[in-house]
Amino acid sequence: MSAHIVIDWLGQIPNPTPVPPPVGADKILGLLNNVKWGAAVALILGFFVGMIVWVGGRWVDHHRAGKVGVVMMLCAVAGAILYGIGWSLINSFAGG
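Residues numbered from 1 in each chain as written. Predicted model: local features only at pLDDT ≥ 70, side-chain atom pairs only at ≥ 80, totals over all residues. Heavy atoms only, no water.

Student: Help me out: how do you make sense of unusual backbone geometry in this one?
Tutor: A positive phi angle is found at aspartate 61, which is not glycine, with a value near 60°. Tracing the backbone shows aspartate 61 in the loop between helix H2 (25-59) and helix H3 (63-95). Of the residues examined, aspartate 61 reaches a relative accessible area of 56% and is grouped as exposed. (Helix = DSSP H or I, 4+ residues; strand = E, 2+ residues; numbered from the N terminus. Buried < 20%, exposed > 50% of the residue type's maximum accessible area, 1.4 Å probe, protein only.)

Following this line, the structure appears as structure tokens:
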């Protein structure tokens, strides 16, 4: 019984539509686009540097460097997956 009352009460809370800030909205979006671009570049560089470390470690038979390179590549791939689905997750949470 009390759960229905709480759900009805929460349903009455208004959900305002988002509005951009009056001053500086373009600068904020530009900054966010630059951060997004930098994150993409960092993921790509991390993958290729990890590949270089992995190949170098296997070439000179240094197993620890090879493992570090594999971990770097896996972290870059996981970050790329999160980078790819992050925008849709944020939009689904923010959009309702």
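Next comes the rest of the account.
Student: Would you mind showing me how to read the packing of aromatic side chains here?
Tutor: Two descriptors summarise a pair of aromatic rings, namely the distance from one centre to the other and the angle between the planes of the rings. Counting across every chain of the model gives one aromatic pair. When the ring of phenylalanine 47 is compared with that of phenylalanine 48, the centres are 5.5 Å apart and the planes differ by 80°; the resulting orientation is edge-to-face. (Phe/Tyr/Trp six-rings, centres within 6.5 Å; stacked < 30°, edge-to-face > 60°.)

Student: How do you make sense of the layout of surface pockets when you look at a structure like this?
Tutor: Gaps between atoms show up when a probe of the same size as a water molecule is rolled over them. When its volume is computed, the largest pocket comes out at roughly 180 Å³. Residue lining of the largest pocket: Leu29, Leu32, Asn33, Val35, Lys36 and Trp87, and that is the complete set. For the lining of the largest pocket, the element with the most residues is H2, which contributes five residues. Considering only residue class, the lining of the largest pocket consists of four nonpolar, one polar and one charged. (1 Å grid on protein atoms, 1.4 Å probe; cavity = no way out; pocket = protein on both sides within 12 Å on 5 of 7 lines; lining within 4 Å. Points joined across faces, edges and corners; volume = space filled by probe spheres on them. Nonpolar A, V, L, I, M, F, W, Y, C, P; charged D, E, K, R; others polar.)

Student: Help me understand a nonpolar patch on the surface in this model?
Tutor: There is a patch of nonpolar side chains on the surface, built from Val77, Ile81, Leu82, Ile85, Leu89 and Phe93 and spanning about 600 Å² of accessible area. Secondary-structure assignment places isoleucine 81 in helix H3. (Patch = residues over 30% accessible without salt bridge, like charges linked within 9 Å, V, L, I, M, F, W, Y side chains within 5 Å. Areas by Shrake-Rupley, 256 points an atom, 1.4 Å probe, with all protein chains shown as cover. Salt bridge = Lys/Arg side-chain N within 4 Å of Asp/Glu carboxyl O.)

This is a description of form; function is not addressed.
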